[in-house]
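What follows is the residue order along each chain.
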Amino acid sequence: MIYLAFDLSSVMTGWSVFDDLELIHYGQIKLAKHKKDLKDPFKYLNVLFDEICILIKEHNPDIIAVEDIYLGRNAKTLKSLAKCRGMLELACSKHTKKLEVYSALVARRNVFGNGKIDKLEISNILAKKYGPKVVTSGHDITDAIVIGLCVSKPTVKKSIKKTTKKAKWFGL
């Protein structure tokens, strides 16, 4: 099965594509320059939608997964992420693709056995598995990879317990 995973952002959205547990592609959708367009303040949403549709057409995923949005300190950021999530949901609907949503905590717990693992440790683990280029590309890509790993092996997800050693199931 092919899985397409996203870590949404209104500035830089990370994505990853898995064929079962094999990472086959990853990248970023850069939106910052489009977000500053004063003539069209929603241009970044059109760009995001178009880029998501291109990824869906290119990879034809069986399932699309996304990191859930959450209210941090800034309600304005939440509103912006909700708009991005709407574009993803619209693209999934347009292409009749299933969308699964995972909180960062659940994804990290399912992949590493610890939902509170820090981003630096995640980067080190992913660098060992996929090479240093993955982590130097940015946290948005590493977060998308974690979401992709979480969705790509559902039978293992169910069997992982809090006491499981980190990253055991995907070969580290």
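Criteria and cut-off values
- Residues numbered from 1 in each chain as written.
- Predicted model: local features only at pLDDT ≥ 70, side-chain atom pairs only at ≥ 80, totals over all residues.
- Heavy atoms only, no water.
- Helix = DSSP H or I, 4+ residues; strand = E, 2+ residues; numbered from the N terminus.
- Areas by Shrake-Rupley, 256 points an atom, 1.4 Å probe, with all protein chains shown as cover.
- Salt bridge = Lys/Arg side-chain N within 4 Å of Asp/Glu carboxyl O.
- Buried < 20%, exposed > 50% of the residue type's maximum accessible area, 1.4 Å probe, protein only.
- Contact = heavy atoms within 4.5 Å.
- Axes fitted to C-alpha atoms, helices over the stretch in contact; angles between N-to-C directions.
- Parallel < 35°, antiparallel > 145°, perpendicular 65-115°, else oblique.
- Patch = residues over 30% accessible without salt bridge, like charges linked within 9 Å, V, L, I, M, F, W, Y side chains within 5 Å.
- Lys, Arg positive; Asp, Glu negative; His and termini not counted.
- Charge placed at Lys NZ, Arg CZ, Asp CG, Glu CD.

Caption draft 1: Representation of the overall build of the protein. Within the protein, the secondary structure is distributed over eight helices and five strands. Of the regular secondary structure in the protein, the N- to C-terminal order runs β-β-β-α-α-β-α-β-α-α-α-α-α. For the protein, the accessible area works out to roughly 9,300 Å², and carbon and sulfur atoms hold 54% of it.

Caption draft 2: Main features of the pattern of salt bridges. Counted by the stated rule, this structure contains four salt bridges. Where glutamate 100 meets lysine 98, a salt bridge forms, and the shortest distance between an N and an O atom there is 3.3 Å. Members of the salt-bridge network, linked through shared partners, are Asp68, Arg85 and Glu89.

Caption draft 3: Examining the environment of leucine 4 more closely. Relative to the elements of secondary structure, leucine 4 occurs in strand 1 (residues 2-7). With relative accessibility at 0%, the residue leucine 4 sits in the buried group. In contact with leucine 4, other than residues within four places in its own chain, are Trp15, Ser16, Val17, Leu55, Ile56, Pro61, Ile63, Ile64 and Ala65.

Caption draft 4: Up close: the environment of tyrosine 102. Mapped onto the fold, tyrosine 102 is located in strand 5 (residues 98-102). Spatially, the C-alpha atoms of tyrosine 102 and alanine 65 are 7.4 Å apart, while their sequence positions differ by 37 residues.

Caption draft 5: Representation of the packing of helix 5 (residues 119-130) against helix 7 (residues 139-152) within the structure. Close contact between helix 5 and helix 7 brings their axes to 11 Å; oriented N to C, the two are set at 70 degrees. Comparing their axes, helix 7 and helix 5 come out roughly perpendicular. Residues Lys119, Ile122, Ser123, Leu126 and Tyr130 of helix 5 form the contact with helix 7, whose own contacting residues are His139, Thr142, Asp143, Ile145, Val146 and Leu149.

Caption draft 6: Looking closely at a negative patch on the surface. Together, Asp19, Asp20, Glu22 and Asp62 make up a region of like negative charge exposed at the surface. Following the sequence through the fold, aspartate 62 ends up in the loop between helix 2 (43-59) and strand 4 (63-67).

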